[in-house]
Amino acid sequence: MAAGSDHGLKKIVWKRIKDTIITDCRKSDIWKILILDHFTTKLLSSCCKMSDLMAEKITIVEDLFKKREPVLEMKAIYFMTPTLKCVEAFIGDFEKKPKYKAAYVYFTDYCPDDLFNKMKSRCGKFIRVVKEINISFLPQEAQVFTCNNPEAFRSIYSPHSQDKRSTLETLADQIVTLCATLDEYPGVRYKKESNMENAKTLAELVDNKLAKHYELDDSAKKKGKTQAQLLIVERGFDPVSPILHELTYQAMAYDLVDIKDDTYRYKLKDGSEKQALLNEDDMLWVNLRHKHIAEVGGEIPKLVKEISASKQQPDEKITISKLAQMMKKMPSFRKQLNEKTTHLQLAEDCMKHFANNVEKLCKAEQDLAVGADVDGAKVKDPMRTLLPVLLHPYTTYDKIRAVLLYIFSLNGTTDENLSKLIQHVKIEDEREFILNWKELGVSIITPNQMSLFSRKSTRRDRSQEEKYNLSRWTPVIKDVMEDAVENKLDTKEWPHLSESPAAWNGSGAVSARQKHKASAQDERRTGSRLIVFVIGGITYSEMRCAYEVTQAVKSCEVIVGSSHILTPTSLLDNIKALSKAPMETFTIEERNNA
């Protein structure tokens, strides 16, 4: 079930939208207008192109909240979230002076009765259809989803938060729509931790909402549990993976290069600026994103040379400027070469950072994270590993990352030692970068404070898998995925709220690390899914693990999700901001009056 296949989340979501919204619209031949809010704009952008919409007789896409010209001869499709803001904007389009001939209304999720009645009473005569399509998550990749809510981190972990419960409720609703879209009714488990209740609370909410959802199913019969399992875990469960410098292409690029909204901007040698979208429409990106940078660096020039050879170009050193000349001469190969040019430049950018600083940092980071050096000898004095990093002129963020790995390796340090470290890094006024990890249940200061998370000391032996000395660490979540697939998760550590059928009771269990031939047992488990949700953000390295385990265990697809995707810098900034009191907010009118 590789990325970009028919099993991909994006394709499943697009099919669901086509089967509901588009099918209704096909009943008439009139060209239509599609009106979206901010979330549904992101949702549709993630799974289809404008050409797909044009093929379905949707000629214009508009923003619900922007001023629009009336088009009285056309019908409008409203695809929006069931919020007061959206419903009032919709009513504004019809109540006084109608903008369109009629409205087809589709909500992403359950619409509360009061909003539905408000809409019906004030402009009911224009409404032809009202449906809830149960998609309130974003399909980021073939096997990755988010709830499009980076603010959830603060709401859940800030000591000043006043909306933790409502945030967990919303996340639960979004997870239920994911399960409904996949047509799964999974067994639910969570990682039990002392004094941290978020995973348990969210798991209970999801389990109850799933039961309610499938009781109210349109088919009028109660759906039984499917061969799927949902695991819920908190971010503090593995604090190491989001902080380490990763050397696989996607994770490394998003950590070291300035990529915003999945868009990579770069300059060619002639000074012209280019930009490229890093998504699953770019098959080269899909093929390279989980590979180690050493492999990527060797592969792209090879691909470019192949194209050069096919066009009888002389075999010489490939540079960005030469590629630009080739592109001008060969318009038919422009798109193909464009992708290669982009990745040649991006890989080059990554390697520059690696050569400048990251290579030296990686050795210390890996030793601290793994607790052993390249030869497998235990790190007896982590301070000796950390000290060269503190004495070198690395950036403040890089030093903070190394200090955190040192603290995590010891499961907390003394107040006195922490003060010295903070002075070394010169963040006396920004201690929150380190201290606020306690809000995630991670032990920072000992012995006054016991760790709320039991750091698992026994990890799977991956010494046979290691190919690169600077990439010895494996995210803890990969152990969890493999243990779940092999039915080895401890029920005390991972209590069941509800169980899935026999597929997860040991039948056909296979090692997630061994390639194997399809067997009758595999056939029995075909189509089973493991869904892992991380409260507080997921990393690109953890996303990669979902694909790796799926690839190894053909009989089970692993899907991972969270409120949002993290980079090391964004996580550190979020951690630091946890102790800030909430800012007062004013409406524009209130501010003007003030």
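Residues numbered from 1 in each chain as written. Predicted model: local features only at pLDDT ≥ 70, side-chain atom pairs only at ≥ 80, totals over all residues. Heavy atoms only, no water.

Per an unreviewed UniProt entry, the chain goes by the name Syntaxin-binding protein 3 and belongs to Oryzias melastigma.

### Comments concerning helix 9 (residues 249-256)
For the record, the criterion: Burial status follows relative accessibility: with a 1.4 Å probe on protein chains alone, a residue under 20% of its type maximum counts as buried, one over 50% as exposed, and anything between as partly exposed. Strands here are runs of E lasting at least two residues and helices are runs of H or I lasting at least four, both read from the DSSP assignment and numbered beginning at the N terminus.
In terms of burial, helix 9 is largely enclosed, as eight of its eight residues are buried. Taken as a whole, helix 9 has its buried residues at Tyr 249, Gln 250, Ala 251, Met 252, Ala 253, Tyr 254, Asp 255 and Leu 256.

### Details of the sheet that holds strand 2 (residues 58-63)
For clarity, the cut-off: Pairing between strands is defined by DSSP: at least two bridges between them are needed. Between the N-to-C directions of two axes lies an angle of 0 to 180 degrees, each axis being a line fitted to C-alpha atoms and, for a helix, fitted only over the stretch in contact. Throughout, a contact is declared for two residues whenever any of their heavy atoms are within 4.5 Å.
The strand order across the open sheet formed by five strands is 2-1-3-4-5, and the pairing between neighbours is parallel. The open sheet has two free edges, formed respectively by strand 2 and strand 5 (127-132), since each of these has just one partner strand. If you compare each strand with its neighbour and ignore which way they point, the axes differ by 20 degrees on average. Packing of helix 1 (residues 9-26) onto the sheet brings it into contact with strand 1 (32-36), strand 2, strand 3 (71-80), strand 4 (100-107) and strand 5, and relative to strand 3 it is tilted by some 165 degrees. Running at roughly 165 degrees to strand 4, helix 4 (residues 84-94) makes contact with strand 3, strand 4 and strand 5 of the sheet.

### Observations concerning the side chain of Arg 544
Quick reminder of the rule: The term polar contact refers here to a pair of N or O atoms within 3.5 Å; inside protein, the definition further demands a hydrogen-donor-capable atom paired with an acceptor-capable atom, and it admits residues adjacent in sequence only when both atoms are side-chain atoms.
Tracing the backbone through its elements, the reader meets Arg 544 in helix 20 (residues 540-552). A polar contact of 2.9 Å, which involves the side chain of Arg 544, links it to the side chain of Glu 548. Contacts of Arg 544, omitting those with residues within four sequence positions, involve Glu 246, Thr 248, His 290 and Pro 475.

### Here's the deal with the sheet that holds strand 14 (residues 528-535)
The seven strands are arranged 6-7-15-14-9-8-13 in an open sheet whose pairing can be described as mixed. If you trace the sheet from one side to the other, it starts and ends with strand 6 (138-141) and strand 13 (496-498), each paired once. Here the average twist between neighbouring strands, direction ignored, is 25 degrees. Bridge count between strand 6 and strand 7 (residues 144-146): three bridges; the pairing is antiparallel. Its bridge partner lying in strand 7, Leu 138 is registered against Thr 146. Sheet strands in contact with helix 7 (residues 164-181) are strand 7, strand 9 (228-234) and strand 14, and its direction is about 160 degrees off that of strand 14.

### Some details on the packing of helix 14 (residues 382-391) against helix 15 (residues 396-410)
Operational definition: An angle below 35 degrees is treated as roughly parallel, one above 145 as roughly antiparallel, one from 65 to 115 as roughly perpendicular, and anything else as oblique. Basically, the charged four are Asp, Glu, Lys and Arg, the nonpolar ten are Ala, Val, Leu, Ile, Met, Phe, Trp, Tyr, Cys and Pro, and anything else, Gly included, counts as polar.
Relative to each other, helix 14 and helix 15 sit at 175 degrees, their axes nearing to 10 Å. Classed by the angle they form, the pair helix 14 and helix 15 counts as roughly antiparallel. Where helix 14 approaches helix 15, its residues Pro 382, Met 383, Leu 386, Val 389 and Leu 390 are matched on the opposing element by Lys 399, Ala 402, Val 403, Tyr 406, Ser 409 and Leu 410. Here the residues of the contact of helix 14 with helix 15 sort into nine nonpolar, one polar and one charged.

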